[in-house]
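For reference, the chains in residue letters:
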Amino acid sequence: QLSFDAAAAAGSSLVLANDPDADRLAVAEKQPDGAWKVFSGNEIGMLLAHWLFKKATAAGTEPSKLAVVASTVSSKMTRALAQKEGMRFEETLTGFKWICNKKFDLQQQGLTVVLAFEESIGFCCGDIVNDKDGVSGAAVFAEMAVQLAKAGTSVTAHLDSLYETYGHFVSRQ
């Protein structure tokens, strides 16, 4: 509640929060009715994966040279994104030991891993930091949210459009 109060006082509709050692990222967005939507790790993962995919392809990287890595307990929505867009998708055991080892294997094969993540709000965005890092995740998420706002849409509305494009996936945490 403190973060929501601080956001309201600052006139912000978005809260980005890291845990004490800053290796995880949580995100919430104020909805039109005044309630806060707290995004799941799977939702954040999909939003980041799509954003980083769009940035990479806009910079000229072919989708076949891109990959996403997720733990086996994470949503399969990023798999649907990868399959539809022509990226490689790899699933690993739970934990960043496995996730980053797979990321490094893919890099050795010449692929760019746009996102490696687990549903427990751990994210490795591109090669900014080659481990789970909430600070770089927050920076990338903030960049995405600003661009969405400039385009006149919210993070929640964008996520809804991703569901329409890639399918609806249910997960419980």
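Residues numbered from 1 in each chain as written. Predicted model: local features only at pLDDT ≥ 70, side-chain atom pairs only at ≥ 80, totals over all residues. Heavy atoms only, no water.

Trainee: A description of the sheet that holds strand S6 (residues 112-118) should follow, citing residues and the corresponding values.
Mentor: Spatial strand order, S5-S4-S6-S7: four strands in an open sheet with mixed pairing. In this open sheet, the two strands that pair with only one neighbour each are strand S5 (88-92) and strand S7 (122-125). Neighbouring strand axes in the sheet, compared pairwise and without regard to direction, differ in orientation by 15° on average. When strand S4 (residues 66-71) meets S6, the two strands line up parallel, connected through five bridges. Residue pairing for S6: Leu66 is matched across the bridge by Thr112. Against the sheet, helix H3 (residues 77-85) makes contact with S4, S5 and S6, and its axis sits at roughly 155° relative to S5, the strand it touches most. Against the sheet, helix H4 (residues 96-108) contacts S4, S5, S6 and S7, and its axis sits at roughly 170° relative to S6. (Pairing = 2+ DSSP bridges. Helix = DSSP H or I, 4+ residues; strand = E, 2+ residues; numbered from the N terminus. Axes fitted to C-alpha atoms, helices over the stretch in contact; angles between N-to-C directions. Contact = heavy atoms within 4.5 Å.)

Trainee: Describe in detail the pattern of salt bridges, supporting the description with residues and values.
Mentor: For the coordinates displayed, the defined rule picks out eight salt bridges. Here Arg24 and Glu118 are joined by a salt bridge, their closest N and O atoms 3.3 Å apart. One end of the pair, Arg24, is in the loop between strand S1 (14-18) and strand S2 (25-30); the other, Glu118, is in strand S6, and 94 residues separate them in sequence. For Lys37, the salt bridge identified is with Glu43, shortest N-O distance 3.2 Å. Look at Lys37 and you get partly exposed, because its relative accessible area is 22%. Given a relative accessible area of 13%, Glu43 falls into the buried group. (Salt bridge = Lys/Arg side-chain N within 4 Å of Asp/Glu carboxyl O. Buried < 20%, exposed > 50% of the residue type's maximum accessible area, 1.4 Å probe, protein only.)

Trainee: Go over the nonpolar core with me, naming the residues and quoting the values.
Mentor: Judged by nonpolar contacts, the single largest core of 38 residues is most densely connected at Leu115, Phe141 and Val155. Only S2, helix H2 (41-58), S4, H3, S6, S7, helix H5 (134-150) and helix H6 (155-166) provide two or more residues apiece to this core. The leading source of residues in this core is H2, at nine residues. Those residues in contact with Val155 that sit more than four places away from it in its chain are Leu14, Glu29, Phe39, Leu47, Phe141, Met144, Ala145 and Leu148. Grouped together as the second largest cluster of nonpolar side chains are 10 residues, Phe96, Ile99, Cys100 and Val113 included. (Core = buried A, V, L, I, M, F, W, Y, C linked by side-chain atoms within 4.5 Å.)

Trainee: So what's going on with H2? Which residues, and what values?
Mentor: An ideal rise of 1.5 Å per residue puts 26 Å on 18 residues; H2 measures up with 25 Å between its terminal C-alpha atoms. Among the 18 residues in H2, 14 count as buried, and that is most of the element. Just downstream of H2 lies Gly60, where phi reads positive at about 105°. (Expected span 1.5 Å × (residues − 1).)

Trainee: I'd like a rundown of the packing of H2 against H3, residues and numbers included.
Mentor: Two elements in contact, H2 and H3, have axes separated by 9 Å at closest approach and are oriented at 20°. Comparing the axis directions of H2 and H3 gives the class roughly parallel. As H2 packs across H3, the resulting crossing turns out to be right-handed. Side by side, H2 and H3 meet where Gly45, Met46, Ala49, His50 and Phe53 of the first sit next to Met77, Thr78, Leu81 and Glu85 of the second. Across the contact of H2 with H3, the residue classes tally to five nonpolar, three polar and one charged. (Parallel < 35°, antiparallel > 145°, perpendicular 65-115°, else oblique. Left-handed = near helix turned anticlockwise from the far one by under 90°. Nonpolar A, V, L, I, M, F, W, Y, C, P; charged D, E, K, R; others polar.)

Trainee: Any chance you could break down the environment of Cys125 for me, citing the residues and the numbers?
Mentor: Relative to the elements of secondary structure, Cys125 occurs in strand S7. Residue Cys125 is classed as buried on the basis of its relative accessible area of 1%. Sequence-distant contacts of Cys125, that is, excluding residues within four places in its chain, are made with Leu48, Leu52, Val114, Leu115, Gly137 and Val140.

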